[in-house]
Amino acid sequence: ARSQFAFDQKRLDMSLQLSGRAPHAARCSVRRLSPRVRLTAQKCGLSQSISTVITTGNDGREDASQQPGHSKETVSKDCGEELYWDWDYDSQICYRQVGESGPAVLMVHGFGVAGWHFHRNWEDLQRDHRVWAVDLLGQGRSWPRHTVAPSAGLRYSVETWTRQLEGFLEQCVGEPAYVVGNSLGGYLAVMLAARRPDLVRGLVLLNATPFWAFRPPSGSAAARGLLWSALNWAGDGSVPVPESVRHLVEKYWWNQLRSPDTISAMLRLVYADKVGFDMALVARIVEATEHPGALDAFTSIVLSPKAELSFDELVDRLRCPVLLLYGKEDPWVRPLWGQRMKRRLPAATYLELSPAGHCPHHEAPAAVNRALRTWLAAEERVRAQGTGDQDPSEAGIGLDVGSSWEVVEADGRAIRVSHIDGRPRSVMEWLDLAVWSVLGRALGAIGRKGADTEESRTTA
């Protein structure tokens, strides 16, 4: 109890900092504090209406049926109006939709955030695009209404999230769309396009992670190996997770990982502009961790298996146009991953932003919006002309390979957008190419197509 109170006190301190400049973020933070601290917050004037506060029992756990994500709630202007879609597992999926005309664009966020992470992009794109931004199940405000029964077989995995995106495009968007994905969202976008090419007009990958999950795919030889067989006691990632595992994760990881200090430190690591985020962003990230199902969701993510196909195998199945839009200063998905993607997809357009980190759409929205808008317009011209196999860069993106734009952000920062051809530019990139060409083939990550592509690019 003492540990939880200390955590809640940190949350309250964060809310007090927010109250002067981000009232909605403060309300998000306050409405899910434990009862004792929430009462203090209300006395400080951080909650505008007692009706927005979730009722809790004596144990502090909230009734999922009363969550803000299960009502028609309108958030602050920068987050957009929240809409909800009923999906599997008796869940309600939160999403935003803006724009009344133009091509359909679906934006898929990375791990730990939600659809609101794209608000700096849709504010501009909605003028001539129809934009949807969806919260993945178990993140943001997309949750099952009630505790999920073991028989439901819910795993918070790439398989589940990809099925969610398939259903969302079919039932909510109602037509093929350009899919924009950041980090985990980029991985899911590739998996979606590889599985359902009929739903995807084109892909825009923003520092897409090329790997997800630790556990081998279900039914694989690796999954039957000694290590993972010995860990079967921990479950297969389905919820509810075993109580013993839940307790271990909560005791040693959970409160530390979701603390405002930890989240702020991680954001400073992955943003090139170390002051490019504020406490409102931190508060929104923390908010989702206060949902009663959040601990189970996180544990399920850790325990759930990988996809049946590797990322490279999924990439090899892509048949749609692709824009690679990568922040150069990303310490996680470093430039070599973008280079590798470009070599594997020679027809893709690769634009590199600098300085920008893991979330370029949020950190450098003006630069991303210019690149995205230009590429989408070029691709729409190609489609209108009936020459779908043509590279959009040849259809008028207006930036030759080796050239760059300079885009000035609202705060005065200058971002360089460079058109890259994918060939190694440094000793480290050449070394990476040589090692991966051998190691990737040995691991089965590089198929015949990928190996041939890498070798031909090397000798070109």
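Please read these numbers as outputs of a predicted model, since none were measured by experiment.

The rules behind these values
Residues numbered from 1 in each chain as written. Predicted model: local features only at pLDDT ≥ 70, side-chain atom pairs only at ≥ 80, totals over all residues. Heavy atoms only, no water. pLDDT = per-residue confidence, 0-100. Contact = heavy atoms within 4.5 Å. Axes fitted to C-alpha atoms, helices over the stretch in contact; angles between N-to-C directions. Helix = DSSP H or I, 4+ residues; strand = E, 2+ residues; numbered from the N terminus. Parallel < 35°, antiparallel > 145°, perpendicular 65-115°, else oblique. Left-handed = near helix turned anticlockwise from the far one by under 90°. Buried < 20%, exposed > 50% of the residue type's maximum accessible area, 1.4 Å probe, protein only. Pairing = 2+ DSSP bridges. Phe/Tyr/Trp six-rings, centres within 6.5 Å; stacked < 30°, edge-to-face > 60°. Lys NZ or Arg CZ within 6 Å of the ring centre and 35° of its normal. Core = buried A, V, L, I, M, F, W, Y, C linked by side-chain atoms within 4.5 Å. Polar contact = N/O pair within 3.5 Å; in protein donor to acceptor, adjacent residues only side chain to side chain. Expected span 1.5 Å × (residues − 1).

## Observations concerning the confidence of the model for the chain
Across the chain, pLDDT averages 79, with 73% of residues at or above 70. The low-confidence segment residues 1–7 (pLDDT under 50) makes 10 contacts with residues lying over four places distant or belonging to another chain. In this model, residues 11–77 is a region of pLDDT below 50 whose contacts with residues beyond four sequence positions or in other chains number 132 contacts.

## Points about the packing of helix α5 (residues 158–173) against helix α6 (residues 184–195)
Relative to each other, α5 and α6 sit at 65°, their axes nearing to 9 Å. Classed by the angle they form, the pair α5 and α6 counts as roughly perpendicular. The chirality of how α5 crosses α6 is right-handed. Contact residues: Val158, Glu159, Trp161, Thr162, Arg163, Leu165, Glu166 and Leu169 in α5; Leu184, Tyr187, Leu188, Met191, Leu192 and Arg195 in α6.

## Examining the environment of Ile397
Along the polypeptide, Ile397 turns up in the loop between α15 (365–385) and β10 (404–408). Taking the relative accessible area as the measure of exposure, Ile397 reaches 2% and is therefore buried. Taking the C-alpha atoms as reference points, Ile397 and Thr374, 23 residues apart in sequence, are found 5.8 Å from one another.

## Structural notes on the pairing of strand β7 (residues 200–206)
Across the seven residues that make up β7, a large majority, six, are buried. Direction of pairing for strand β6 (residues 177–182) relative to β7: parallel, over a ladder of six bridges. Bridge pairing links Val179 to Leu203 in β7. The pairing of β7 with strand β8 (residues 322–327) spans three bridges and is classified as parallel. Counterpart to Leu205 in the pairing with β8 is Leu324.

## Observations regarding the packing of aromatic side chains
Scanning the model with the defined rule gives 12 aromatic pairs in all. Ring geometry for Tyr178 versus Trp375: centroids 6.1 Å apart, planes at 80°, classification edge-to-face. Of this pair, Tyr178 sits in strand β6 while Trp375 sits in helix α15, placing them 197 residues apart in sequence. In this pair, the class of Tyr178 matches that of Trp375, namely buried. Chaining the aromatic ring pairs together yields one cluster made of Trp85, Trp87, Tyr89, Tyr95 and Phe168. Sitting above the plane of the Trp405 ring, Arg370 keeps its charged end 4.2 Å from the centroid.

## Some remarks on the pairing of β10
Burial along β10 is one-sided: Trp405 and Val407 are buried, and none of Ser404, Glu406 and Val408, which face the opposite way, are. Inspection of the sheet shows β10 paired to strand β11 (residues 414–420) by five bridges, in the antiparallel sense. Bridge pairing in β11 places Glu406 opposite Arg416. Linking β10 back to β11 in an antiparallel pair, the connection comprises five residues, with Gly412 at a positive phi of about 95°.

## A few points about the nonpolar core
One broad rule of soluble globular proteins: the nonpolar side chains tend to lie buried together. Ranked by size, the top nonpolar core spans 67 residues in total, and within it Tyr156, Val158, Trp161, Leu203, Leu205 and Leu318 carry the most contacts. Top contributing element to this core by residue count: α6, with nine residues. When residues no more than four places from it in sequence are discounted, the contact partners of Leu318 are Val190, Ala193, Ala194, Leu203 and Leu345.

## Section: the side chain of His129
Tracing the sequence through the fold places His129 in the loop between α4 (119–125) and β4 (130–134). A polar contact is formed between the side chain of His129 and the side chain of Asp128, at a distance of 2.8 Å. If we ignore the near neighbours within four places in the chain, the residues touching His129 are Val98, Gly99, Glu100, Ser101, Gly102, Pro103, Val105, Arg373 and Leu376.

## What to know about the environment of Leu336
Structurally, the position occupied by Leu336 is in helix α13 (residues 335–344). Relative accessible area serves as the criterion here: at 14%, Leu336 is assigned to the buried category. For the pair Leu336 and Pro424, spaced 88 residues apart in the sequence, the C-alpha separation amounts to 8.3 Å.

## Notes on α6
Think of an α-helix as turning once every 3.6 residues; residues three or four places apart then point the same way. Taking 1.5 Å per residue, 12 residues should reach 16 Å; α6 reaches 17 Å between its end C-alpha atoms and fits that length. For α6, the tally of buried residues reaches 11 of 12 residues, placing the bulk of the element in the interior. Considered for burial, the residues of α6 that qualify are Leu184, Gly185, Gly186, Tyr187, Leu188, Ala189, Val190, Met191, Leu192, Ala193 and Ala194. Packing partners of the buried residues in α6 comprise β3 (104–108), α5, β6, β7 and α12 (311–316).

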